[in-house]
Amino acid sequence: MEVPEQNIIYKVFFQGVSDENPEDISLTFFKFQKEEHSLDAFPSFLLEYSELARKKKVYSFANIKETLPLGNASKKDIIQFYVLLFTFTGSNEEIKKNGILIAKHKTKGFIILGEWPYNPKKNENSATLEYNKILSKIIEDPDFFKKVLLIN
């Protein structure tokens, strides 16, 4: 796997899923953008998402154990981390799994820190637009996704 040039990587560890299986699991999020992108729609997304979670259309829970910055990554001034994972059926009926690491920054508000899995072909200029479209699609049409999970 090719890694991003600027070497900004966040490893997120989640608590074990049950007492019988206490082993932690983790995901690695890669930041490919040169700049941080704000996610201004995220506060309203959180409100609408909680209503969808109440109706069992999407899922949410607190399970992040630790977020470890690697390379040039930093946790400075970050108040809270969120991981948004979603699964959908692609154009060729292939199941696609994606994730976004979002942070609530002390002064910058909500920002995108990285994505999973790493995609070296992604166009960074369209990244913020794409993420905002994903947030809107989850709220407007949650049935489009096979599974949506927000972890904090």
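None of the values given here were measured: they were computed from a predicted structure.

**Describing the nonpolar core**
And step 1. F42, Y49, L84 and I138 are the most contacted members of the largest nonpolar core, which totals 23 residues.
And step 2. Elements with a minimum of two residues in this core: α1 (42-54), β6 (78-89), β7 (95-105), β8 (109-116), α2 (127-140) and β9 (145-151).
And step 3. Not counting residues within four places of it along the chain, the set of residues in contact with L84 comprises F45, Y49, N98, G99, I100, L135, I138, V148, L149 and L150.
And step 4. The next biggest cluster of nonpolar side chains, apart from the first, holds 18 residues, and it includes V12, A73, F81 and L101.

**What about unusual backbone geometry?**
And step 1. The omega angle of the peptide bond from W116 to P117 is -10°, so this bond is cis rather than trans.
And step 2. With respect to the helices and strands, the residue P117 is situated in the loop between β8 and α2.
And step 3. Positive phi, close to 65°, is recorded for K56, a residue that is not glycine.
And step 4. Residue position: K56 is located in the loop between α1 and β4 (59-61).
And step 5. At D77, a position not held by glycine, the phi torsion is positive, near 65°.
And step 6. For D77, a relative accessible area of 30% gives the class partly exposed.

**Describing the pairing of β9**
And step 1. With 5 of 7 residues buried, β9 is to be regarded as a mostly interior element.
And step 2. Both β4 and β9 contribute to a ladder of 3 bridges, which runs parallel. Bridge pairing in β9 places Y59 opposite L149.
And step 3. Relative to β9, β6 is paired through 6 bridges, and the arrangement is antiparallel. Of the residues in β9, the one forming a bridge with V83 is I151.

**Regarding the side chain of E115**
And step 1. Following the sequence through the fold, E115 ends up in strand β8.
And step 2. Here Y131 takes part through its side chain, which lies 2.9 Å from a polar atom of the side chain of E115.

**Some points on α1**
And step 1. For α1, which comprises 13 residues, the first-to-last C-alpha distance of 18 Å matches the rise-based estimate of 18 Å (1.5 Å per residue) to within 8%.
And step 2. Taken from the residues just after α1, K56 is the one with a positive phi, measuring 65°.

**Some words on the environment of S38**
And step 1. Locating S38 in the fold gives a position in strand β3 (residues 37-38).
And step 2. Sequence spacing of S38 and N132 is 94 residues, and the spatial spacing of their C-alpha atoms is 10.0 Å.
And step 3. In this structure the side chain of S38 is engaged in a polar contact, spanning 3.5 Å, whose partner is the side chain of D40.

**Observations regarding the side chain of N63**
And step 1. Tracing the backbone shows N63 in the loop between β4 and β5 (64-71).
And step 2. You can call N63 buried: its relative accessible area is 11%.

**As for the packing of aromatic side chains**
And step 1. Counted according to the given criterion, the structure contains 11 aromatic pairs.
And step 2. Taking 6.1 Å as the distance between ring centres and 20° as the angle between the ring planes, the aromatic pair formed by F88 and F144 counts as stacked. Residue F88 is found in strand β6, and its partner F144 is found in the loop between α2 and β9; the two are separated by 56 residues along the sequence.
And step 3. Overall, the relative accessible area of 17% leaves F88 in the buried class.
And step 4. A residue is classified by how much of its surface remains accessible, and F144, at 38% relative accessible area, is partly exposed.
And step 5. Every member of this aromatic cluster is reached through a ring pair, and the members are F42, F45, Y49, Y82 and F110.
And step 6. Positioned above the aromatic ring of F144 is the side chain of K137, whose terminal nitrogen or guanidinium carbon lies 4.6 Å from the ring centre.

Cut-offs used in this document
- Going along each chain's sequence as written, the residues are numbered from 1 onward.
- Residues qualify for local features only when their pLDDT is at least 70, as the model is predicted, and side-chain atom pairs are given and counted only at 80 or more; totals for whole chains, interfaces and linings, by contrast, use all residues.
- Hydrogens and water molecules were not included; the side-chain quantities draw on all heavy atoms of the structure.
- To qualify as a nonpolar core, a set must consist of buried Ala, Val, Leu, Ile, Met, Phe, Trp, Tyr and Cys residues joined through side-chain atoms within 4.5 Å.
- Here the term buried applies to any residue with accessible area under 20% of the maximum for its type, exposed to any over 50%, and partly exposed to those in between, with areas from a 1.4 Å probe on protein chains only.
- Numbered from the N terminus, helices here are DSSP runs of H or I no shorter than four residues, and strands are runs of E no shorter than two.
- Any two residues whose heavy atoms approach within 4.5 Å are treated as being in contact.
- For two strands to count as paired, DSSP must find a minimum of two bridges between them.
- Here a polar contact is recorded for every N or O atom pair within 3.5 Å, except that within protein the pair must consist of a potential hydrogen donor and a potential acceptor, and residues adjacent in sequence are included only if both atoms are side-chain atoms.
- Multiplying one less than the number of residues by 1.5 Å gives the expected span of a helix.
- Only Phe, Tyr and Trp rings take part, Trp by its six-membered ring, and two of them pair if their centres are within 6.5 Å. Stacked means planes under 30 degrees apart, edge-to-face means over 60, and tilted covers everything else.
- The rule for a charge over a ring is simple: NZ of Lys or CZ of Arg within 6 Å of the ring centre, and within 35 degrees of the ring normal.

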